[in-house]
Amino acid sequence: MAPTEALQPCIVLRLQAYGEADEIAVLLHPLRGRVDAIARAARKSRSRFSGLAPFAEVGAMLQSGRGRLPNLREVVALGPGLGDAPSWTALCLASHATDLAAQCAQPEHEDTRLYAWLRHAIAAVREGTAGRARGLRVGIEATLLDALGVLADLQVCARCHRSTAAGAAWPDPEAGLLCSACASIDKVGLPADVVLALALVVDDPRRLHDLAPALGSAAAGVAAHRIAQRVAQVVPGVRKGSELLREAIAADEG
Ligand SMILES: [Zn+2]
C-alpha cells in the first residue's frame, strides 16, 4: 500500500470503538476486498469523517501507519447509504447483508461482484421494507450466492437439463432444481412464478426491490428455505444475529 492515496470507493461494513477515541472501520473495497482501518479520534471529532456511517458508500483516503492497520485520513459520503431514519427492519436486513459481506470478503482480494451485490442489496433495502422483508432476505441471499458463484442453475433441471420454467422441485440446496418430469408430482415445491422471479433477480439484482413480494410469498417458502440452507453451507458464520432478523421479518408480516 502506498503511503498516502487518493479517495477510494468503499462500503462501510462495520464500525467499532477502539481505545480512548478511535474507531476501527471495516470497509469493503471493490479491488482490495476487506480493509480494516483506524479512524483516529473519530469519536471526538467527526469533521474528517462526516460520511463514516454503517452501510454508507464512501470515498476513503487511506494511509499506511506505523501499526498493522492503515489510517483512515478522510472520509466523504458518495451515496445515500440506508437513507435518513431507516426502519428497524431495514437496519436488520442491511446488517445481515453487511455481515455476509464481512464474512465473504478477504483482505487484498479483488471481488467486484461482491461489491456490486452489496450496493444493490443496500439500495433495495433503502427503497422500503414494508411488506417486503421476507422477499428482500430471499433475494439478497440468492443474489449473494450467485455473486459467489455457488448458486445452482435455476433455469434448467439438474438431472435432465430441461427447462424448469413450468415449476420445479428443490430437494437439495447444492444440487439445484428438478423439473416436474424428474421430480415426483407431490414434490414439486416451486411454482412457475417463483422460479421466474428467482431467475429474474439473479439475472438483474437491480430488480431486488420490485421482485421482493414474489420472492417472499408463501409459495416461495421452499426457495427461502433452500437458499438459507445454501448460505449456511458456504458462509458458516452467518447464523450470528439472525434471531433479530427473524423477529423483524415476523413483525413486518404481522
Ligand atoms: Zn428434469
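Each value, and the rule that gives it
Residues numbered from 1 in each chain as written. Predicted model: local features only at pLDDT ≥ 70, side-chain atom pairs only at ≥ 80, totals over all residues. Helix = DSSP H or I, 4+ residues; strand = E, 2+ residues; numbered from the N terminus. Expected span 1.5 Å × (residues − 1). Buried ≥ 20, exposed ≤ 12 C-beta atoms within 10 Å, placed from the backbone. Contact = placed C-beta atoms within 7 Å. Domains from an automatic or database assignment. Nonpolar A, V, L, I, M, F, W, Y, C, P; charged D, E, K, R; others polar.

### A look at helix H6 (residues 221–234)
Right, on to step 1. Helix length check: H6 (14 residues) gives 20 Å between terminal C-alpha atoms against 20 Å at 1.5 Å per residue, within 8%.
Right, on to step 2. Among the residues of H6, Ala223, Ala224, Arg226, Ile227, Arg230 and Val231 are the ones counted as buried.
Right, on to step 3. Taken together, the buried residues of H6 touch helix H3 (133–148), strand S6 (168–172) and helix H4 (192–203).

### Quick notes on the domain arrangement of the protein
Right, on to step 1. The domain architecture assigned to the protein consists of domain 1 (8–77) and domain 2 (88–253).
Right, on to step 2. Look at where the C-alpha atoms of domain 1 and domain 2 centre, and you get two points 30 Å apart.
Right, on to step 3. Listed as interface residues are 13 residues of domain 1 and, on the opposing side, 16 residues of domain 2.
Right, on to step 4. Contributions of two or more residues to the side of domain 1 that touches domain 2 are made by strand S1 (8–18), strand S2 (22–29) and strand S3 (33–39).
Right, on to step 5. Broken down by element, the side of domain 1 that touches domain 2 gets its largest block of residues, 3 residues, from S1.
Right, on to step 6. Tallied by class, residues from the side of domain 1 that touches domain 2 come to 8 nonpolar, 1 polar and 4 charged.

### Remarks on the environment of Gly237
Right, on to step 1. As for its position among the elements, Gly237 is in the loop between H6 and helix H7 (242–253).
Right, on to step 2. Residue class for Gly237 comes out exposed when judged on the 12 C-beta atoms lying within 10 Å of it.
Right, on to step 3. Sequence separation between Gly237 and Asn71 is 166 residues; the distance between their C-alpha atoms is 28 Å.

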